[in-house]
Amino acid sequence: MSKAASQSRADWTFKVITAACALVVIVLMGGILVELLRNSGMSIRQFGFGFLTSTEWNPYAGEFGAASSIFGTVVSTAIAMLLAVPLSLIIAIYLVEVAHPKASRIIGGGIELLAAVPSIIYGMWGLFVFAALMQEHVQPWLGKYFGFLPLFQGPPMGIGMLTAGLILTLMVLPFITAVTRDVLQMVPPVLKESAHGVGATMWEATRHIALKYGRRGIVGAVFLGFGRALGETMAVTFVIGNSHRISSSLFDAGNTIASSLANEFNEASEPIYLSSLFELALVLFLLTLLFQTAAHFWVSRMQRQEAGDR
Amino acid sequence: MRPRSHTARRLADRSARIVMVPAALIGLTVLAWILWEVIARGAGALNASFFTELPTPPGMEGGGLANAIVGTLLMTVLATVIGTPVGLLAGIYLAEFGTTSRLATAVRFTTNLLMGTPSIIIGIFVYALIVLRTGHFSGWAGAVSLAILMLPVVLRTTEDMLNLVPDELRESALALGAPRWRATVTVIFRAAKTGLVTGILLAVARVSGETAPLLFTALNSFYWPETINEPTANLTVTIFNYAMSPYADWQQKAWGASLLITVGVLFVAVLSRFVLKERKSRA
Amino acid sequence: MRGVRKSVLAIAALALVGSLVVPAMAAKTLNGAGATFPEPIYSVWMHKYNELKGVRVNYQGIGSSGGQRQIKAKTVDFGGSDAPMKGPDLREAGLIQFPMVIGGVVPIVNVQGVGPGELKLTNEALAAIFAGEITFWDDEAIKATNPDLALPNEPITVVHRADGSGTTWIFTNFLDKVSASWHEKAGFGKVVPWPVGVGAKGNPGVAAYVQRVNGSVGYVEFAFAKQNDLSYVTLKNHAGEWVQPTIESFQEAAANADWVNSDSYYLVLTDQPGDGSWPIAGATFILIHKDQPDAATAKAMFEFFDWCYDHGDEMAMAKDYVPVPDNVVGMVRATWGLEVTSGGKAVYK
């Protein structure tokens, strides 16, 4: 073979090998879906759609339903988003518009470090430090002044839905803050300067110009944060209490899909039990896929619109 | 904008500024608090026996987590060996061949999805794939699940780093007659070396703190990992088990292990981010 | 780059080769799973046995239900259960069971100012608390038997087991015997329809929960209460006497056990006669297959159990477990010799 031919053969091989490795990612995602579907088959056939609405969770009797896990996942994530999004916005605005550059770098760096702390460390701190605080001070206070609401009734245990939601807030906060900060930093200075030029205050310029400009990126970040909070496992498992009951009180123990999987997967030797847990995993997988896809298309629509605007 | 009085607008601005400071400090405060607790509670557990002895039953004096440290290191190294080459090659494909191909777009989208997939789902996937089929837990199943977590991170950073290499460099290499693969592997790699290594380091930092995937693959063990074809001790699952137990000595060991992991992960994260920023600003 | 790659490859090769070569030298490993009731003594025995003989015994505390299921599924070599299986069920599953050690289940509380053994509860009050009928610590029913304690006006948080548990089986067996209303509401078993409360995993989980949550009440094997300084409760036994959980009160309850006439060692030790008997005692059992797939594993198992019977008494009593009486050990060994075979040949001689 001529040198040129063998060279192009080598190049072709190189391209194929690298392409194959790239394909691995797609194969993996497909594989995850396939394995989850396969192993939840028994549970899907037995419980049908009722699985999603049933609050039964009786391993002894072989009756399973995802309702309490879905409820817990949604509630804990909702608490986290309700608290983290406004807080992240405020912090990001502060970092970009108000803070002294050095302070911005230090606080920004601290936020990034918070994001790097592994979930299990949040769990440890949550269980041993934060839960004690909740039980001794926060929950009794809430019960005393807001106990007329069913949300804050019941004995203060320290662990439970509220604590799990708060820990999730701390975990999602750095992520949304970082992305929002990046989005705000991309606002063309000329826009802000024009606003200041006509006499707008920092707050007005931010509210009416910067946030409006970056709103799609921010929404995308929120979607992504939502997706991550849904699947957060260790931090929540430590403090949520593992109860399959749906309760109106945030002081009560509960469970999320991820915490149920972490707590029960290894002990489910009965085929239907294991299959139901696989089905829970499938539900979580599809939920996170949904949010990520939504985020992706939202952001790409924003990018196309921006390109069109220009 | 609704016309409002000058004072009202100034008040709004000032209130916003006042609210922002404590909000921003929340992040720093929580970080400092967590680090403080981890250090304060964990330092006491990190004595010589922690690093050299096997776990003892609760209530028995002494004992350590030497096997868990070895197990974590073993599985992390194995995961790196499995996941890095695939990630590197895939990143090369995206950067060098795939700027417009449909495969590349699909891969990029899927990589984002994979990155956002909860690690517990990855663990359950590997459980179904390997543990169910082999009939037992194993350290190499754990390594595979960690490798899957590392893959998209390595892929992304490789693509980003390679994209930073100026096209002129590529063209010069090719103009000198080097075949495509040679050009990529020698010239471009060398140019992007720092970025690639730190990308791998970032991925390693991320997976060494993971618990959920190991729960269903490597499980845990009280003994030395003699082979990777059996349940393998590791720090994160140990922390999970010990923390949920009622035993004060186990809880303290859990804090010690937490300190070890936190220091390791943060150190690598800070280091690699610092080096990455340098690299990006230089390019 | 090449240097880094070389060393990485070298480490990887070593790891892989090592993992293939070393199994040949690996020590024998026995796998068991099940009840957490005996975990405090099993972990001590297994650790000591590993030190002496190098044999590794891996025991996962996943609850008695898990133990029964895993041994039936043959994913472990032996199962542990405090809820004894009945003869017909054993024979159907091809298993034999034998008692390993005897212990006591104690209610534990976390109430301000109440130390170990200080709280006295009647059987009715105990059942009512777990049934959710008594909801505050300063309820009249509790104050009646504790005039000297300053009980707070705090709500009671009941902690029970979330997993299928032999400890639950023993505890609810007692409640079922002494309280007609509990018998109606919940009955007894490894899992019962708990009217109220939060679920925890394993004895350690319940102990951890009660340890953390103020105003909580739960039930654990005594070793867990003692090891973690939890406040256990004083109860009234069948003879009408107030009694505390001690190795003596467990022994007195266990002395009533009629092992000889039991079918496959099925015995319940709750609410036993005797002035000093602890009312919630129970034995914990090991389950193994009659037909052992691997003779070497079976032999290793019997060597371990033999060692526990012969040398484990002192360690057991140090943790307040009552060793199985010698005559029963003799019966158990005879059962092993008669019933357990591998490839058609008896394993135990």
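Heads up: these notes are all about the structure in this document. Residue indices follow the written sequence of each chain, beginning from 1 at its first position. Numbering of ligands from 1 and lettering of chains from A proceed in the order in which they are written. Selection of residues for local features in this predicted model requires a pLDDT of at least 70, selection of side-chain atom pairs for listing and counting requires 80 or more, and totals for whole chains, interfaces and linings are taken over all residues.

**Brief notes about the interface of chain A and chain C**
Quite often, the size of an interface is put as the accessible area lost when its parts meet.
Then, in step 1: Note that contacts rest on C-beta atoms placed from the backbone: two residues are in contact if these are within 7 Å. In this complex, chain A contributes 14 residues to the contact, which on the side of chain C involves 19 residues.
Then, in step 2: Classes in brief: Ala, Val, Leu, Ile, Met, Phe, Trp, Tyr, Cys and Pro nonpolar; Asp, Glu, Lys and Arg charged; the others, Gly included, polar. Considered class by class, the residues forming the side of chain A that touches chain C number five nonpolar, seven polar and two charged.

**Digging into the pairing of strand β6 (residues 157-161) of chain C**
Residues and elements named next belong to chain C.
Then, in step 1: Most of β6 sits inside the fold, with four of its five residues counted as buried.
Then, in step 2: At least two bridges found by DSSP between two strands is the condition for calling them paired. For the purposes of this entry, the term helix denotes a DSSP run of H or I that reaches at least four residues, the term strand denotes a run of E that reaches at least two, and both are numbered from the N terminus. Note: β6 against strand β8 (residues 216-221), two bridges, orientation parallel. The residue of β8 that forms the bridge with T157 is S216.
Then, in step 3: Bridge count for β6 against strand β7 (residues 198-200) is three bridges, and the pairing is parallel. In the sheet register, V159 faces β7, and the bridge partner there is V198. Burial is judged by counting the other C-beta atoms within 10 Å of a residue's own C-beta: 20 or more makes it buried, 12 or fewer makes it exposed, and any count in between marks it as partly exposed, with every C-beta position built from the backbone.

**A closer look at helix α7 (residues 166-178) of chain C**
All names here are of chain C.
Then, in step 1: Across its 13 residues, α7 extends 19 Å between first and last C-alpha, which sits within 8% of the 18 Å expected from 1.5 Å per residue.
Then, in step 2: Most of α7 is tucked away: twelve of the 13 residues are buried.
Then, in step 3: The complete set of buried residues in α7 reads G166, T167, T168, W169, I170, F171, T172, N173, F174, L175, D176 and V178. Multiplying 1.5 Å by the helix residue count minus one yields the expected span of that helix.

**Structural notes on the nonpolar core**
Then, in step 1: Residues of type Ala, Val, Leu, Ile, Met, Phe, Trp, Tyr and Cys that are buried and joined through C-beta atoms within 7 Å form what is called a nonpolar core. With 284 residues, the main nonpolar core has I167, L168, L261 and A281 of chain A together with A90 and M150 of chain B as its most contacted residues.
Then, in step 2: Counting residues per element, this core draws most heavily on helix α6 (residues 161-185) of chain A, at 16 residues.
Then, in step 3: When sequence neighbours within four positions are dropped, the list of residues in contact with A90 of chain B reads T18, C21, A22, V24 and V25 of chain A together with L155 of chain B.

**What to know about helix α14 (residues 326-339) of chain C**
Residue and element names in this part refer to chain C.
Then, in step 1: For α14, spanning 14 residues, the distance from its first C-alpha to its last is 20 Å, which sits close to the expected 20 Å at 1.5 Å a residue.
Then, in step 2: Taken residue by residue, α14 has V328, V332 and W336 as its buried positions. On an axial view of α14, the arc spanned by its buried residues comes to 90 degrees, and they lie on one face. Projecting away from the buried face of α14 at angles above 90 degrees are the exposed residues D326, N327, G330, A334 and L338.
Then, in step 3: Check the buried side of α14 and you find it contacts β4 (95-110) and α12 (295-311). The arc in question is traced by the directions running from the helix axis to the C-beta atoms.

**Points about the interface of chain A and chain B**
Then, in step 1: Tallying the contact residues gives 68 residues for chain A and 70 residues for chain B.
Then, in step 2: Of all the elements, helix α1 (residues 3-47) of chain A adds the most residues to the side of chain A that touches chain B, at 19 residues.
Then, in step 3: For the side of chain A that touches chain B, the residue count by class is 48 nonpolar, 14 polar and six charged.

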